[in-house]
Amino acid sequence: MRIIVLAFLLCVASVIEAAQMPLSVLPGGAVVYKPIQSVRERKFADLVQQKTDFSCGAAALATILRQAYWLDVNEEQIIEGMLAHSDQDLVRVQGFSMLDMKRYVESIGMRARGYRVAPETLSEIRIPVVVLLDIRGYKHFVVMQKVHKGWVYIGDPVLGHKRYKVDDFVEGWNGIIFAVIGQGYDKTNALLDPPLPLTAKNRINTFTPVRDAELMDFGFIQSDFF
């Protein structure tokens, strides 16, 4: 019996990196595996993690371009692209700005718009957007994925998926959203359906695709849907 248990534990240890968990042994010796996801993998699912102290804006933008537009870009490429269209001396001191992100987005043939949004209308936003938060005096770009039932769901390049009560979010938010607009937008992209906290029970999936009319409120045009 000890030998069987030891063999099972060794098998589990060997598949941690492959994210496969053996569930049972079938007659004849075949093993049934089930894909698993670590807490860290779940935390950063569909998000681009930032790799430098000043690249939260690049990581947030990469997250939207990859998930909502299926563009094969990474954080490093966006950093290089933004540096090519920015004041590099200013970036070294202050980091990237929404203006730098706007210039980059336009350089790849897309459009970008900034909107000042009243807190009471946050739930009307139907696309993932970049927002700037003041976290204990530190300016930090994150992806606002959706607002639902009093919660703001955030994709943080450093902390992963988070959610805040609307009042707590508004306290550190500058009131502006940065929207990326262009052809190829996936109206069912994963950012619109972020994972709930691991402690959530009896999850009810209320995700529904966004309608064209709702997207046009944020600067999309009819030709973007073809």
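Computed from a predicted structure; not experimentally measured. (Residues numbered from 1 in each chain as written. Predicted model: local features only at pLDDT ≥ 70, side-chain atom pairs only at ≥ 80, totals over all residues. Heavy atoms only, no water.)

The subject of this paragraph is the packing of aromatic side chains. For the structure on display, the rule yields four aromatic pairs. Residues Phe54 and Phe96 carry aromatic rings whose centres are separated by 6.0 Å and whose planes lie at 45° to one another, so their mutual orientation is tilted. Linking Phe54 in the loop between α2 (39–43) and α3 (56–69) with Phe96 in the loop between α5 (88–94) and α6 (98–107), this pair joins segments that are 42 residues apart in sequence. Just above the ring of Tyr153 sits the side chain of Lys146; from NZ or CZ to the centre is 5.3 Å. The aromatic ring of Trp151 is capped on one face by Arg163, whose charged end is 3.8 Å from the ring centroid. (Phe/Tyr/Trp six-rings, centres within 6.5 Å; stacked < 30°, edge-to-face > 60°. Helix = DSSP H or I, 4+ residues; strand = E, 2+ residues; numbered from the N terminus. Lys NZ or Arg CZ within 6 Å of the ring centre and 35° of its normal.)

Let us now look at the sheet that holds strand β7 (residues 160–165). Pairing within the open sheet is antiparallel, and its six strands lie in the order β3-β8-β4-β5-β6-β7. Both outer strands of the open sheet, β3 (111–116) and β7, are each paired with one neighbouring strand and no more. Each strand axis lies, on average, 35° off the axis of its neighbour in the sheet, ignoring direction. With seven bridges joining them, strand β4 (residues 129–135) and strand β5 (residues 138–148) adopt antiparallel strand pairing. Each bridged residue has a counterpart across the sheet, and for Leu132 the counterpart in β5 is Phe141. α3 rests against β4, β5 and β8 (173–181) of the sheet, and its axis sits at about 25° to β5. (Pairing = 2+ DSSP bridges. Axes fitted to C-alpha atoms, helices over the stretch in contact; angles between N-to-C directions. Contact = heavy atoms within 4.5 Å.)

The final tally for this structure, using the stated rule, is three salt bridges. We note a salt bridge from Lys139 to Asp134, for which the minimum N-O separation is 3.0 Å. Taking the relative accessible area as the measure of exposure, Lys139 reaches 51% and is therefore exposed. (Salt bridge = Lys/Arg side-chain N within 4 Å of Asp/Glu carboxyl O. Buried < 20%, exposed > 50% of the residue type's maximum accessible area, 1.4 Å probe, protein only.)

Within the fold, Gln145 resides in strand β5. One polar contact links the side chain of Gln145 to the main-chain amide nitrogen of Gly155, over a distance of 3.2 Å. Non-local contacts of Gln145, meaning those with residues more than four positions away in its chain, are made with Ile127, Pro128, Tyr153, Ile154, Gly155, His161, Leu191, Leu192 and Pro194. (Polar contact = N/O pair within 3.5 Å; in protein donor to acceptor, adjacent residues only side chain to side chain.)

One turn of the α-helix equals 3.6 residues, which is why residues spaced by three or four share an orientation. Listed as buried for α6 are Met98, Asp100, Met101, Tyr104 and Val105. In an axial view of α6, the angular spread of the buried residues amounts to 155°, which keeps them on one side of the axis. Of the residues flanking the end of α6, it is Gly109, one or two places downstream, whose phi is positive at about 85°. (Arc of directions from axis to C-beta.)

The backbone of Trp70 shows a phi angle near 55°, a positive value even though the residue is not glycine. Relative to the helices and strands, Trp70 is located in the loop between α3 and α4 (75–83).

Once that is clear, we can look at α3. With 14 residues, α3 should cover 20 Å at 1.5 Å per step; its first-to-last C-alpha distance of 19 Å lies within 8% of that length. At the C-terminal side of α3, Trp70 shows a positive phi close to 55°. (Expected span 1.5 Å × (residues − 1).)

Between α3 and α4, whose axes approach to 9 Å, the crossing angle comes to 115°. Of the two elements, α3 crosses α4, and the hand of that crossing is right-handed. Contact residues: α3 offers Ala58, Ala59, Leu61, Ala62 and Leu65, while α4 offers Glu75, Ile78, Ile79 and Met82. Of the residues belonging to the contact of α3 with α4, the class tally is eight nonpolar, no polar and one charged. (Left-handed = near helix turned anticlockwise from the far one by under 90°. Nonpolar A, V, L, I, M, F, W, Y, C, P; charged D, E, K, R; others polar.)

So, on to the pairing of β8. Of all the nine residues making up β8, seven are buried; the element is thus mostly covered by neighbouring parts of the structure. In this sheet, β8 lies alongside β3 in antiparallel orientation, the contact comprising six bridges. Note that in β8 the partner of Arg111 across the bridge is Ile181. Pairing of β4 with β8, which is carried by three bridges, proceeds in the antiparallel orientation. When the sheet's bridge partners are listed, Val131 is paired in β8 with Ile177.

The predicted model of the protein chain averages 82 in pLDDT, with 75% of residues at 70 or higher. Counting contacts from residues 2–18, a segment whose pLDDT is below 50, to residues more than four positions away or on other chains yields eight contacts. (pLDDT = per-residue confidence, 0-100.)

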